[in-house]
Amino acid sequence: MEQRTLLALMAFSSLIVLAETNDQKPAVEIYSLQVDCKVTSRFAHTVITSRIVNRANESREATFEVELPKTAFITNFSMSIDGEVYPGIIKEKAAAQNKYDSAVSQGQSAGLVKITDRKLEQFHVSVSIAAASKVTFELTYEELLKRQLGKYELLIKVRPKQLVKHFQIDVHIFEPQGIHFLETDSTFMTNELTEALTKEQNETKAHILFKPTLDQQKKNSDETLLNGDFVVRYDVKREATAGDIQIVNGYFVHYFAPREMPVFPKNVIFVIDRSGSMTGRKIEQTRDALLKILQDLRQEDHFSFITFNHKVVEWKSSLLPATEENVASAAALVQTLTARGGTDISGALLAAVGVLDKAEGLPEHSVSMIILLTDGQPTSGERNVEVIQENVQKAINGKYALFCLGFGFDVSYKFLEKMALSNGGIARRIYENADAALQLQGFYQEVATPILMQIEMQYPENSIEGLTKNNFKLFFEGSEIIVSGKISNELDLLPVEIKAQSHTSNLTLKEEANVKEKEQVFQNQRYIFGNFIERLWAYLTIQQLLEKVISAQEEDQKALEAQALDLSLQYSFVTPLTSMVVTKPQQQEELANKPTEADNDKPSNLPAGASSKRLHSRMPWEDDAVAAGARGGRPGDRLRSEFQTGINRRMFSTVSRFRDAIRAQPTANGDPQLLLQLPRQNERICLNIDKRAQTSVHLLSDPEQGLTVTGKLGDGVNHFVQFDINYVNPPVQIHVYTHAILVSHNNKNNWLSWTTSTSSTIQGLKVSVEKERSVTASLPDTVTVKISLVRFPEDFLGLYFLNTDRFSDKVTGVLGQFYSKAQFGSNSNNDQRAVERLLRVSGSEHKISRLESASEPVSCWSIDLTP
């Protein structure tokens, strides 16, 4: 899969401003938006400048959002408001975070950077500006472009959200090796916009300028066409066999990417998770990807499959050559893959190592690798992740490369990443998008063509300081090796020697670089920025130190982090060890932290090094209301907590005494999804909905309250994963998902994160998020709705209603009917020991059964409904 250098631009006024503005021009107008990108020898320096004016007669909020590559480091940010500059200051993360945590506890807003996509993270800042005032936002970041599948790619995602008088994307590229090819592309380009694009190119330089006028931007009178991707792709010429060395101010960088070399045969074992959590779309996309990957195997390759849930199944006892017949046989297996059961990652990986260890008849010069795909944490076999990592590393013992693909967010990415890096591979998260199958295929293409093994880049030891990684286990066609360092002694010539194994022989390649001649190449300052090779060296060193931390022993981690921190502060990089403190007017401070892919995991409630055995996690009703939402595990483990007021306490007191009863006697159609207290009756209902009828359920509607609530059941799971709350006055829709909350008002959307405590009020309706716990919607004289989040082992939502006496007699819906139209049948009303009773709801009679224990009264009555 091609890794793109990604940039997305969004600078726009707040939702309230847009909602209140009816003029042709927005009250808060972006009158200038410029992207200035200089790429010098793969190192990209990007400056984004947005200028905004408040044309309203009162203070308004201006928002600046930029989506930048995950692999980039922010180096500078500033706001200039009416001539006064508010700079961002980079500090050690631990110190900055302690001060910031105190500010957050006092109600100030959240951090400025978050992961938004598999390749993107978003920088977001808002500031209030007075009437007729102007603000200029400027963000700078740097990144070393990574060559994949034979090209570098710069992608600018353009979304200004309004017409911009002065809009410009200005890209300069300087590649001393020479530009082999250059192309531009766009998803929003029209004939009119094409006229705004100019491209100039010579042997080593290229200039791309996109500068559309207002008329060219217009989709209609006030909408913009600029909404999509603007892409620049290129590669460089490669003549020297030993690569190309470039030198500036005593620092060198060496690029090595040989071409036209024979490909090693591969011995690859695909280890595929088929546990229950892979059911549905994931297993379908995995099948689709594997069928395509099978077709890409070369005839000289050998391969096999191991599939696993709580049991490990070897397709064949040995690896098979990738003949047409064997590939067809494997395709038949792939098409039968189904998902159920637990997750024995350890057993599957050790089985794969065993197959490679005993393999016979493999090509003498070949590359052996294991590709693991899993979407969860170990729940069967060995469950302690540290023990798994140790056992796998001991078994592989440097003989094979292990690549770990984590499907979705239930995996422990840190676990997979450490295991991969410790065994000569890499980890990659596969995002649960429509293109997940393409992500899987793309990753395989990256590792499908190994052309060198055991690469060692040698430089004069006494003349080089701070050398970056110079030994590499594998080199794949279409990629690139980069080594950098500082020349410590006066040298006229910088020699380099490369030793490696190719498919046909052992290679030794030599090259010498004339230091003075190389220095002369970069005299044209228009195409470079400062000491760019020195900054490239610092960037690459920090990246590699942080990578070493992942797989290092605990006693070595602090020393590695200290080195990376010193460089981050010295060169002003926002890395996982530093923070940028942004001070806004009125001395309010916010932090820009660098998130990592591991930060994107869903909370698992597992302490470091702990087993993945099921731990107690907070249930949806462990707050202050009657709950409507139960978990898809054993209900006896869940019907516990302490309700805070009145009847809720009495309900809990009864329910919690019946864990054993409910554990022993689950309902006929699965565990209860909804739990509620009947009004004016000392009875509880465990309600189950037949999801075969529909996944979206109309739960409650009260026309006098102006309130409607619907819910969506998860695919293949027995609990709710989405609730939608609709209010008539004010006209607000709240969509609550397990990953985020969307508040819509007057056709304007505002996304809220579960990772931050926050609140907002829209015409009296208060929406409050308690970090990683709940979201509450409250309106005076109206029933309060509260939705709770549970993260482990699967994400799900619980629903509560407070002040239920405010429901009118007109309330309807699967839940609503119980608040006005539920009565026990008279023939069984006095029989407190009855096992079954009749319940009349909305004119229908339902036979209900109780969940009990031998020594306690009834806990709740179970009822199954089909909406």
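Every chain is numbered on its own, with residues counted from 1 as its sequence reads. pLDDT decides what is reported in this predicted model: residues at 70 or higher carry local features, side-chain atom pairs at 80 or more are listed and counted, and totals for whole chains, interfaces and linings draw on all residues regardless. Water and hydrogen atoms were dropped before computing side-chain values, which therefore reflect all heavy atoms in the structure.

Some words on the overall build of the chain
And then number 1: We count a stretch as a helix when DSSP gives it H or I for four or more residues in a row; a strand needs E for two or more, and each element gets its number in order from the N terminus. Counting secondary structure elements, the chain contains 15 helices and 50 strands.
And then number 2: Residues count as neighbours in contact if any of their non-hydrogen atoms are within 4.5 Å of one another. Across the chain, every contact between residues at least 6 apart in sequence was considered, and the portion connecting residues at least 24 apart equals 67%.
And then number 3: Note on areas: these come from Shrake-Rupley sampling with a 1.4 Å probe, and a residue is covered only by the protein chains present in the view. Here the chain displays about 36600 Å² of accessible surface, and carbon together with sulfur accounts for 44% of that area.

Focus on the confidence of the model for the chain
And then number 1: Residue-level confidence of the predictor is summarised by pLDDT, bounded by 0 at the bottom and 100 at the top. Considering every residue of the chain, the mean pLDDT works out to 81; 79% of them sit at 70 or more.
And then number 2: For the stretch residues 1–23, pLDDT sits under 50, and the model shows 93 contacts to residues farther than four places along the chain or on other chains.
And then number 3: Across residues 103–110 the pLDDT falls below 50, and counting only partners more than four positions away or on other chains, this stretch makes 10 contacts in the model.

Digging into the sheet that holds strand β27 (residues 471–476)
And then number 1: Here a strand pair is declared whenever DSSP counts at least two bridges between the two strands. On the basis of which strands lie adjacent, the open sheet formed by 4 strands has the order β27-β25-β29-β30 and antiparallel pairing. Edge strands, defined here as strands with exactly one partner in the open sheet, are β27 and β30 (506–514). Strand-to-strand twist across the sheet, computed as the mean angle between neighbouring axes with direction ignored, equals 25°.
And then number 2: As paired strands, strand β25 (residues 450–458) and β27 are joined by 5 bridges and run antiparallel to one another. When the bridges of β27 are listed, Glu 456 appears paired with Asn 471. Lines fitted to the C-alpha atoms define the axes, with helices restricted to the stretch that makes contact. Angles between their N-to-C directions range from 0 to 180 degrees.

Concerning the pairing of strand β42 (residues 758–762)
And then number 1: With 5 bridges joining them, β42 and strand β43 (residues 765–770) adopt antiparallel strand pairing. Residue pairing across strands places Thr 761 opposite Lys 766, the latter belonging to β43.
And then number 2: Hairpin remark: β42 followed by β43, antiparallel, with 2 residues in the connecting loop; positive phi at Gln 763, about 50°.

Comments concerning the side chain of Gln 544
And then number 1: With respect to the helices, strands and loops of the structure, Gln 544 is situated in helix α12 (residues 532–551).
And then number 2: Partly exposed describes any residue whose relative accessible area lies between the buried limit of under 20% and the exposed limit of over 50%, with all areas from a 1.4 Å probe on protein chains only and scaled to the type maximum. Accessibility expressed as a relative area gives 16% for Gln 544, which makes it buried.
And then number 3: When neighbours within four sequence positions are excluded, Gln 544 is seen to be in contact with Thr 468 and Lys 469.

Examining the environment of Pro 87
And then number 1: Mapped onto the fold, Pro 87 is located in strand β6 (residues 84–92).
And then number 2: Note on Pro 87: relative accessible area 43%, which makes it partly exposed.
And then number 3: Along the chain, Pro 87 and Thr 583 lie 496 residues apart, while their C-alpha atoms are 7.2 Å from each other.
And then number 4: With residues near it in sequence (within four places) discarded, Pro 87 still touches Phe 77, Ser 78, Val 581 and Thr 583.

Observations concerning unusual backbone geometry
And then number 1: Residue Pro 730 is bonded to the preceding Asn 729 through a cis peptide linkage, with omega at 5°.
And then number 2: The topology assignment puts Pro 730 in the loop between β38 (720–727) and β39 (732–737).
And then number 3: For Ser 41, which is not glycine, the phi dihedral falls at a positive 50°.
And then number 4: Structurally, Ser 41 can be placed in the loop between β2 (28–40) and β3 (43–54).
And then number 5: Phi angles above zero are rare outside glycine, and Glu 260 is one such case at about 55°.
And then number 6: Within the element layout of this structure, Glu 260 appears in the loop between β17 (251–256) and β18 (266–273).

Here's the deal with empty space enclosed by the protein
And then number 1: With a 1 Å grid laid over protein atoms only, a set of points is called a cavity when a 1.4 Å probe fits there but cannot get out and a pocket when it is open yet has protein on both sides within 12 Å along at least five of seven lines; lining residues have an atom within 4 Å of a point. Grid points are joined across faces, edges and corners, and a volume is the space filled by probe spheres set on the points. What the rule picks out here adds up to 1 cavity of 30 Å³ or more.
And then number 2: What the largest cavity holds in volume is close to 90 Å³.
And then number 3: What lines the largest cavity is simply Phe 270, Ile 272, Thr 286, Ala 289, Leu 290, Ile 293, Ile 371, Leu 373, Leu 405, Leu 440, Phe 443 and Tyr 444.
And then number 4: Elements supplying a minimum of two residues to the lining of the largest cavity: β18, α5 (281–296), β22 (367–374) and α10 (436–447).
And then number 5: Within the lining of the largest cavity, the residues separate by chemical class into 11 nonpolar, 1 polar and no charged. Charged means Asp, Glu, Lys or Arg here, nonpolar means Ala, Val, Leu, Ile, Met, Phe, Trp, Tyr, Cys or Pro, and polar covers whatever is left, Gly included.

With respect to the sheet that holds strand β11 (residues 166–174)
And then number 1: Pairing in this open sheet of 10 strands is mixed, and the strands run β13-β14-β11-β2-β3-β9-β5-β6-β31-β32 from one edge to the other. With one partner strand each, in any of the chains shown, β13 (197–201) and β32 (589–593) form the two edges of the open sheet. Taken over all neighbouring pairs, the strand axes of this sheet differ in orientation by 15° on average, direction set aside.
And then number 2: Judged from the 8 bridges that link them, strand β5 (residues 73–81) and strand β9 (residues 134–144) form a sheet pairing that is antiparallel. What sits directly across from Asn 76, in β9, is Thr 140.
And then number 3: Strand contacts of α12: β2, β3, β5 and β9, with the helix running at about 75° to β9, the strand carrying the most contacts.

Side note on the packing of α5 against helix α6 (residues 324–335)
And then number 1: For the pair α5 and α6, the least separation of the axes is 9 Å and the interaxial angle reads 175°. On the basis of their axis angle, the class for α5 and α6 is roughly antiparallel. Contacts between α5 and α6 involve Arg 287, Leu 290, Leu 291, Leu 294 and Gln 295 on the former and, on the latter, Val 327, Ala 330, Ala 331, Val 334 and Gln 335.
And then number 2: When the residues that make up the contact of α5 with α6 are grouped by side-chain class, the tally is 7 nonpolar, 2 polar and 1 charged. Roughly parallel means an angle under 35 degrees; roughly antiparallel means over 145; roughly perpendicular covers 65 to 115; every other angle is labelled oblique.

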